[in-house]
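Listed below, chain by chain, are the residues.
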Amino acid sequence: MLKERVSDDIYVFTSELYAQVTAGAVVAPEGTVLIDTLAFPSETREIKDFLENRLGTRVKYLINTHYHADHTNGACYFPEAKVISHYLCRTKLDTVGRKGLAQAKVQSPELADLEIVLPDILIDSGGLYLHLGKKTLQVMHTPGHSPDSVSVLLKEDRILFAADMMMPIPHIVDGEIEDLIRSLQMVPGLGLENVIQGHGEVVLRGEIDDAIKSNLRYLDNVRKKVEQLVKKRRPREALKEITIESCGKSRIPLNGLAAQLHRANIHALYDRLTAK
Ligand SMILES: [Zn+2]
């Protein structure tokens, strides 16, 4: 796991085991807010050890940015924390999340201890403010990657934990492309210093607008290309022609996972368009 201090009391943890997934911590004398956990117990335990034994703080609140296992698997290691999420996240964790974890345990013995934790404090599209010492955290509903996705804005530091709304390549298989476009369009107006992506590297101030534009361009390309193909009644195999590069992205990020995410995106869009 990689650990990065992005501001005096704000840390980003990046997995070295799974898809460069990130988690974050906002540390205050009143307690710590943890934003997501990592996919594998060993790395979440490393975060817990760092916070409790190195910094001498406890996690008071855990924010689940969305229900996907790579972001929520470690919640059970913080039993004293109040868990905050969108209300749809709780429903999803209780259904698909529970089923998915049971299946994952069969394949990965290292997940044996994990248990689903259902969030206590639920938000809807109106969001929530959390005050912690001198810090204000604004939890905002930013759907698109998934219907329950939220982002966390640290108002004083101008840092956005964007979760999977922001990735080196957008991923819309479990969400709606139009929602993601709307969510991303809100980011440039926030005047940010850093954007913490749900996967991959921290985006710095000078790079934010370009990163957003690049993701919006990708989504636009993907939508147009799949729509054209469906209009011409081309078969599913023709999706092969829509390469990641032709949509303006490279296959290099996330250790090659980018190409796989792209394939999943175009197949999901094709399914939706042909189901109408
Ligand atoms: Zn996700």
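Everything in this summary refers to the structure shown in the same document. Every chain begins its residue count from 1, and numbering advances along the sequence as written. Side-chain atom pairs in this predicted model are given and counted only at pLDDT of 80 or more, local residue features only at pLDDT of at least 70, and totals for whole chains, interfaces and linings cover all residues. Values reported for side chains reflect all heavy atoms of the structure, with hydrogen atoms and water molecules removed beforehand.

### What about the side chain of T72?
Then, number 1: Here T72 is to be found in helix α2 (residues 69–72).
Then, number 2: When checking whether two residues touch, look at their non-hydrogen atoms; a contact exists if any pair is within 4.5 Å. Those residues in contact with T72 that lie beyond four places of it in its chain are T37, N64, H66, Y67 and L93. Only DSSP runs of H or I reaching four residues or more are called helices, and only runs of E reaching two or more are called strands; each is numbered from the N terminus.

### Looking at the coordination of the zinc ion
Then, number 1: Shown as donors are all N, O and S atoms within 2.8 Å of a metal ion, widened to 3.2 Å for Na, K and Ca; because water is not in the atom set, sites may appear incomplete. Coordination of the zinc ion by the protein involves H66 (NE2), H68 (ND1), H145 (NE2) and D164 (OD), with metal-donor separations of 2.2 to 2.4 Å.
Then, number 2: The sequence motif formed by the donor residues of the zinc ion is H-x1-H-x76-H-x18-D. Linking H68 in the loop between β5 (59–63) and α2 with D164 in the loop between β11 (159–163) and α4 (177–185), this pair joins segments that are 96 residues apart in sequence.
Then, number 3: Buried means the residue's accessible area, taken with a 1.4 Å probe over protein chains only, is under 20% of the maximum for its type, while exposed means over 50%, and partly exposed covers the values in between. Judged by relative accessible area, H68 falls into the buried class, the value being 15%.

### Here we look at the nonpolar core
Then, number 1: Within the largest apolar cluster, 39 residues are counted, with the highest numbers of intra-cluster contacts made by L160, V187, L192, V195 and L219.
Then, number 2: Listing elements by their share of this core, those giving two or more residues are β11, α4, α5 (205–231) and α6 (257–275).
Then, number 3: The dominant element in this core, judged by the number of residues it contributes, is α5, at eight residues.
Then, number 4: When sequence neighbours within four positions are dropped, the list of residues in contact with V187 reads L160, M165, L192, V195, I208 and I212. Nonpolar cores were defined as sets of buried Ala, Val, Leu, Ile, Met, Phe, Trp, Tyr and Cys residues, with membership established by side-chain atoms within 4.5 Å.

### Remarks on the environment of A211
Then, number 1: Position of A211 relative to the elements: it lies in helix α5.
Then, number 2: The sequence separation of A211 and I169 amounts to 42 residues, and the corresponding C-alpha distance is 9.8 Å.

### Remarks on the pattern of salt bridges
Then, number 1: Any carboxyl oxygen of Asp or Glu within 4 Å of a side-chain nitrogen of Lys or Arg constitutes a salt bridge here. For the structure on display, the rule yields 15 salt bridges.
Then, number 2: Here R98 and D94 are joined by a salt bridge, their closest N and O atoms 2.8 Å apart. One end of the pair is R98 and the other is D94, both in helix α3 (residues 87–107) and four residues apart, which spans about a single turn.
Then, number 3: Here R98 falls in the partly exposed class, since its relative accessible area comes to 38%.
Then, number 4: A salt bridge links D271 to R236, with the shortest nitrogen-to-oxygen separation between them at 2.2 Å. With D271 in helix α6 and R236 in the loop between α5 and α6, this residue pair connects regions lying 35 residues apart in the sequence.

### A closer look at the state of the cysteines
Formally, a disulfide is one covalent bond, and it connects the sulfur atom of one cysteine to the sulfur atom of another.
Then, number 1: The definition used for a disulfide is geometric: two cysteine sulfur atoms within 2.5 Å. Throughout the structure, instances matching the rule amount to zero disulfides.
Then, number 2: A disulfide-free cysteine, C89 has its sulfur positioned 14 Å from the sulfur of C76, the nearest such atom.
Then, number 3: Given the relative accessible area of 0%, C89 is considered buried.

### So, the environment of A39
Then, number 1: Examined against the element boundaries, A39 turns out to sit in the loop between β4 (31–35) and α1 (41–54).
Then, number 2: Put simply, A39 and A19 are 20 residues apart on the chain and 9.3 Å apart in space, counted from C-alpha to C-alpha.
Then, number 3: Excluding residues that lie within four positions of it along the chain, A39 makes contacts with Y18, V21, D70, N73 and L111.

### Re the sheet that holds strand β12 (residues 194–197)
Then, number 1: For two strands to be treated as a pair, DSSP must find no fewer than two bridges joining them. In space, the six strands of this open sheet follow the order β8-β9-β10-β11-β12-β13, with mixed pairing throughout. In this open sheet, the two strands that pair with only one neighbour each are β8 (128–132) and β13 (203–204).
Then, number 2: Both β12 and β13 contribute to a ladder of two bridges, which runs antiparallel. Bridging across to β13, N194 finds its partner in L204.

Keep in mind that these numbers describe shape and distance, not what the molecule does.
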